[in-house]
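Residues per chain are reported as follows:
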Amino acid sequence: MRKIIILLFALTMFNTTWSQSESKADRDKRMEWWRDAAFGMFIHWGVYSVPAGQYKGQEVKGLGEWIMEDAKIPISEYEQFAKQFNPQKFDAKEWARIAKDAGVKYIVITSKHHDGFAMWDSKVSDYDIVDFSPFKRDILKELTTACKAAGIKMCFYHSIMDWHQPDAKAAKYPHQSTENPDWENYRENYLKPQLKELITNYDPEVLWFDGEWIDEWTEPQGKDLYAYLKSLKPSLIINNRIGKGRKGMNGMNAYEDAAGDFGTPEQEILEGTSDFDWESCMTMNDTWGFKTNDHNWKSSEKLIHNLIDVAAKGGNYLLNIGPKADGTIPPETVSRLADMGKWLKVNGEAIYGTNGRKDYKEGDNIRFTVSKDGKTTYAMITKLPADRKVIISSVLVSASSKISLLGYSNGPWKVDRQNGKLVIDMPEKLPGEHAWVVKIVN
Ligand code: JFZ
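This report concerns the structure included in the present document. Keep in mind the model is a prediction, meaning the values are calculated, not measured.

### Observations concerning the overall build of the chain
So, step 1. In terms of regular secondary structure, the chain is built from ten helices and 18 strands.
So, step 2. Against the 2.2 N^0.38 benchmark of 22 Å for 442 residues, the chain shows a C-alpha radius of gyration of 23 Å, consistent with a compact globule.
So, step 3. Referenced to the eigenvectors of the C-alpha coordinate spread, the extents of the chain come out at roughly 75 × 65 × 35 Å.
So, step 4. Here the chain holds 442 residues, and the buried ones make up 56% of them.
So, step 5. Pairs at least 24 residues apart make up 69% of the contacts formed inside the chain by residues separated by at least 6 positions.
So, step 6. With an accessible surface of roughly 19,000 Å², the chain has 53% of that area assigned to carbon and sulfur atoms.
So, step 7. Between the averaged position of the 58 positive side-chain charges in the chain and that of its 62 negative side-chain charges there is a distance of 5 Å.

So, in structure tokens, the structure goes:
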């Protein structure tokens, strides 16, 4: 008995050292806007968009934003790319408009990626867009202002790993080694102060950490940072890459008390629902940071189907774009985002503010979400059978259930209720493309 009491006491102590002094109700309140948002835009933009996947006339394999490491570019040489980073065509309002039209509710942009270059006017370092590049404009400030005006929440991706700051040397990346690294100094006098700047000057809603897998970073450091950031802004939402809990690319936590508010599956979607909040981040082609020669674009249909799949499983979809070094967004990206926005204009009520469902699917071509009050079920149909007959058997329907097709008001369409089953003859003229939503109100 005594042992149990001591254990319980220790657990309480442990939890209150970081976030879990928060009640479930408080946590639900803090997470509410994020859960409702369902769809966000990831932006990987920085110095790496200058080489755009090429170094010394050679194509560099791998992710665009990893070029410094993948091509083993020395710091002094990489800095020359920073000197050329001059996105004259960057128009924050235009970016915010594109995001708004796509239907995203939040943007997560790289404030600092692994290359260490700060996309705002940092006072902690000169290695930033204002002091080190010819551009001399504070990108995060401009985008934050534009997004706020457009009603889009502003959030920052921030890399813990830093290949430029001499104290931050990571043993896993010896090519970036410096003589006398001092991790504690980096953590206390560089990482934290820069994050404090971001919070005080730009008031982000989410901090999305990354580069936590290096051995220098530990779970206690993650918890310490979490507590510090929450002390600066209690409503902050922080991903689980702030600590060491993440299970590889699946992104969910490997242990119970891991730091962070949500799991981060990368380039994949969970197999089913989860009790822990999660967000799948995915690319539109095969890179996060822009690469001139990556043309492997997913179709608009695929992206919409991914959004539907994620929503049905109760997660968020964070879809990446990689703008070019001149400040423009590739047209292939813009057109796909516009298609998603068009679909969401008609069908958004099935996505925003809904919950996933344990039985998230029926067959391969129907996915479900449920309204918060539980009264409405949305059946999202991603492919029609040849005879256009859709059968839904896993939703309770009665004679009084109201059934409609989103975006479709002018008949005719035929809906039969056969002992609890719905048999629908989908109309010839469908509202829009890629997926259609049957709304069932009980
Ligand atoms: C990380 C970054 O390295 C990448 O550049 C991008 O920002 C992405 C969103 O996040 O990607 C990872 C993270 C972890 C692994 C691989 C890529 N991993 O564990 O193999």
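### Some points on the side chain of Asp309
So, step 1. Looking at the secondary structure, you find Asp309 in helix 9 (residues 300-312).
So, step 2. Look at Asp309 and you get buried, because its relative accessible area is 11%.
So, step 3. Setting aside its immediate chain neighbours within four residues, Asp309 contacts Ile269, Tyr360 and Arg367.

### What to know about the site of the ligand
So, step 1. Around the ligand, the surrounding shell holds 14 residues, and the nearest of these are His44, Glu65, Trp66, His113 and His114.
So, step 2. The separation between an oxygen atom of the ligand and a polar side-chain atom of His44 is 2.6 Å.
So, step 3. Between an oxygen atom of the ligand and a side-chain N or O atom of His113, the distance comes to 2.8 Å.
So, step 4. Here the ligand loses 81% of its free accessible area of 440 Å² to cover by the protein chains.
So, step 5. Residues that form the shell around the ligand fall into these classes: six nonpolar, three polar and five charged.

### Re the side chain of Ser133
So, step 1. In this structure, Ser133 sits in the loop between strand 4 (106-112) and helix 6 (139-150).
So, step 2. Using a relative accessible area of 1% as the deciding quantity, one classes Ser133 as buried.
So, step 3. A polar contact is formed between the side chain of Ser133 and the backbone nitrogen of Phe135, at a distance of 3.1 Å.
So, step 4. Leave out the neighbours within four places in its chain, and Ser133 touches Ala82, Phe85, Phe117 and Asp128.

### Overview of the packing of helix 9 against helix 10 (residues 331-347)
A pair of packed helices can be characterised by two numbers: the angle between their axes and the separation between those axes.
So, step 1. With their axes 9 Å apart at the nearest point, helix 9 and helix 10 run at an angle of 50° to one another. Comparing their axes, helix 10 and helix 9 come out oblique. In the crossing of helix 9 with helix 10, the sense of the turn from one axis to the other is right-handed. Residue-level contacts link Ser300, Leu303, Ile304, Leu307 and Ile308 of helix 9 to Arg336, Asp339, Met340, Trp343 and Leu344 of helix 10.
So, step 2. Grouping the constituent residues of the contact of helix 9 with helix 10 by class yields seven nonpolar, one polar and two charged.

### Observations concerning empty space enclosed by the protein
So, step 1. Applying the stated rule across the entire model yields three cavities of 30 Å³ or more.
So, step 2. Estimates place the volume of the largest cavity at around 80 Å³.
So, step 3. Lining the largest cavity are 13 residues, and of these Asn285, Thr287, Trp288, Trp297 and Gly322 lie nearest its centre.
So, step 4. Each residue belonging to the lining of the largest cavity can be placed in one class, and the counts come to five nonpolar, six polar and two charged.
So, step 5. One number sums up the size of the second largest cavity: a volume of about 40 Å³.

Rules used in this analysis
Residues numbered from 1 in each chain as written. Predicted model: local features only at pLDDT ≥ 70, side-chain atom pairs only at ≥ 80, totals over all residues. Heavy atoms only, no water. Helix = DSSP H or I, 4+ residues; strand = E, 2+ residues; numbered from the N terminus. Rg over C-alpha atoms; globule rule 2.2 N^0.38 Å. Buried < 20%, exposed > 50% of the residue type's maximum accessible area, 1.4 Å probe, protein only. Contact = heavy atoms within 4.5 Å. Areas by Shrake-Rupley, 256 points an atom, 1.4 Å probe, with all protein chains shown as cover. Lys, Arg positive; Asp, Glu negative; His and termini not counted. Charge placed at Lys NZ, Arg CZ, Asp CG, Glu CD. Near = heavy atom within 4 Å. Polar contact = N/O pair within 3.5 Å; in protein donor to acceptor, adjacent residues only side chain to side chain. Nonpolar A, V, L, I, M, F, W, Y, C, P; charged D, E, K, R; others polar. Axes fitted to C-alpha atoms, helices over the stretch in contact; angles between N-to-C directions. Parallel < 35°, antiparallel > 145°, perpendicular 65-115°, else oblique. Left-handed = near helix turned anticlockwise from the far one by under 90°. 1 Å grid on protein atoms, 1.4 Å probe; cavity = no way out; pocket = protein on both sides within 12 Å on 5 of 7 lines; lining within 4 Å. Points joined across faces, edges and corners; volume = space filled by probe spheres on them.

Taken by themselves, the reported measurements are silent on function.
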